[in-house]
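Spelled out, the chains give:
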Amino acid sequence: GVHEIRYTTDGSDPTSTTGVVYSGSFSISSTTTIKYRAFDNAGNAEAVQTQVVRTDRIAPSSTILCGGNACASSYYTSAVQVSLAASDAGGSGVAEIRYTTDGSDPTSTTGTVYDSAFTVASTTTVKYRAFDGAGNAEPVNSALIRVDTTPPSSSIACNGGSCSGAFKPGVSVSLSASDADSGVDRIRYTTDGTDPTLTNGTLYTAPFTLSATRTVKYRAYDNAGNAES
């Protein structure tokens, strides 16, 4: 019959007089080499058994990149390739990264398992987190990726109405614009026949007066840098 089991957690070999006599389950809080052996009532001892029990209490850490660079807080004017990466300092290694684009928090069973870069084509909140081989999960990370690919739209009014027909000298010309995403940044216009650009032409701030026949060219820019025709 079995007389006792002795074990150690300090790397030494248990003997009939050293080590801890096993009396019930015990806890370890860090990676530990457990050496143990049984002794019978005749004094026979088995060879020393060894088991490394690995623990990992450190959650992994993940990062996000947009187009290979840190994700910008400003607007992108085209679809963005989003990539995720993670590392684990606890020893068990990264098991997976999960992410969502619908506003929900990813869990160990919900969200998409990340396997390659994905495309964000409109303003989206990407939530993501990494899980390690021990089951530790980092807190949910969140990145708001702003994408605006649609230019603004502007309009012109003469004396508060349509600019068709003829007017007496001193006609008041007003411009306005709207943008559904990043918002209107500016309107530029010209009256000399040239095309307005981001830096050429007059920055519109208030209605202006024309006293002779002129061709008004105008265009709006949004805060993402999109320009209408």
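The rules behind the values
- Residue positions within a chain follow its written sequence, with the count starting from 1.
- This being a predicted model, a pLDDT of at least 70 is required before a residue's local features are given, and a value of 80 or more before pairs of side-chain atoms are given or counted; all residues contribute to the totals for chains, interfaces and linings.
- The basis for the side-chain values is all heavy atoms of the structure; hydrogens and waters are excluded.
- The secondary structure listing takes helices from DSSP runs of H or I that are at least 4 residues long and strands from runs of E that are at least 2 residues long, numbered from the N terminus.
- C-alpha atoms define the radius of gyration, and 2.2 Å times the number of residues to the power 0.38 defines the globule rule.
- In short, Shrake-Rupley with a 1.4 Å probe defines the accessible areas, and a residue's cover is counted only from the protein chains shown.
- Only four residue types enter the tally: Lys and Arg on the positive side, Asp and Glu on the negative side; His and the chain ends are excluded.
- Where a charge lies is defined by one atom per residue type, namely NZ (Lys), CZ (Arg), CG (Asp) and CD (Glu).
- Two strands pair if DSSP finds at least two bridges between them.
- With axes taken as lines fitted to C-alpha atoms, and helix axes fitted only over the stretch in contact, angles between N-to-C directions fall between 0 and 180 degrees.
- Note on aromatic pairs: the rings of Phe, Tyr and Trp (six-membered ring only in Trp) are paired at centre separations within 6.5 Å, and the planes decide the class, stacked below 30 degrees, edge-to-face beyond 60, tilted for the rest.
- Burial classes: relative accessible area under 20% of the type maximum marks a residue as buried, over 50% as exposed, and values in between as partly exposed (1.4 Å probe, protein chains only).
- What counts as a disulfide here is a pair of cysteine sulfur atoms lying within 2.5 Å.
- Buried residues of nine kinds, namely Ala, Val, Leu, Ile, Met, Phe, Trp, Tyr and Cys, make up a nonpolar core once their side-chain atoms join them within 4.5 Å.
- Every residue pair with non-hydrogen atoms within 4.5 Å of one another is taken to be in contact.

Thoughts on the overall build of the protein
Okay, so step 1: Each helix and strand in the protein was counted, giving zero helices and 17 strands.
Okay, so step 2: In terms of overall size, the protein is more extended than a compact globule, its C-alpha atoms giving a radius of gyration of 35 Å where 229 residues would be expected to give roughly 17 Å.
Okay, so step 3: With the model as given, the accessible surface of the protein reaches about 13,000 Å², and the carbon-plus-sulfur share is 47%.
Okay, so step 4: Positive and negative side-chain charges in the protein, numbering 15 and 21 respectively, have mean positions lying 9 Å apart.

Focus: the sheet that holds strand 13 (residues 171-178)
Okay, so step 1: Strand order in the open sheet made by the three strands is 12-13-16, with antiparallel pairing throughout. Because the sheet does not close on itself, it has two edges, and the strands there are strand 12 (153-158) and strand 16 (208-210). The mean inter-strand angle of the sheet, taken between neighbouring strand axes irrespective of direction, is 30°.

Things to note about the packing of aromatic side chains
Between two aromatic rings, the relevant description is the distance of the centres plus the angle of the planes.
Okay, so step 1: Tallied over the full model, the rule gives nine aromatic pairs.
Okay, so step 2: Relative to Phe118, the ring of Tyr114 has its centre 6.4 Å away and its plane inclined at 70°; by these criteria the two rings are edge-to-face. Comparing Tyr114 with Phe118, the two get one shared label, buried.
Okay, so step 3: Joined through ring pairs, the aromatic side chains of Tyr7, Tyr22 and Phe26 make up one cluster.

Looking at the state of the cysteines
Okay, so step 1: Within this structure, the stated rule accounts for two disulfides.
Okay, so step 2: Each sulfur of the disulfide joining Cys66 and Cys71 lies 2.0 Å from the other. Every disulfide takes its handedness from the sign of the S-S torsion; for Cys66 and Cys71 that torsion is 85°, giving right-handed.
Okay, so step 3: Residue classification places Cys66 among the buried positions, given a relative accessible area of 4%.

Overview of unusual backbone geometry
Okay, so step 1: Despite not being glycine, Asn159 has its phi angle at roughly 55°, a positive value.
Okay, so step 2: Tracing the chain through its elements places Asn159 in the loop between strand 12 and strand 13.

A word on the nonpolar core
Okay, so step 1: Within the largest apolar cluster, 17 residues are counted, with the highest numbers of intra-cluster contacts made by Ile64, Val82, Leu84, Phe118, Val126 and Ile145.
Okay, so step 2: Secondary-structure elements contributing two or more residues to this core are strand 5 (61-66), strand 6 (80-87), strand 7 (94-100), strand 9 (118-120), strand 10 (124-132) and strand 11 (141-145).
Okay, so step 3: Setting aside chain neighbours within four positions, we find Ile145 in contact with Ile64, Cys66, Cys71, Tyr76, Val82, Val120, Ser122, Thr123, Thr124 and Val126.
Okay, so step 4: Counting residues in each nonpolar core, the second largest holds 11 residues, with Val171, Val173, Ile187 and Val216 among its members.

Keep in mind that these numbers describe shape and distance, not what the molecule does.
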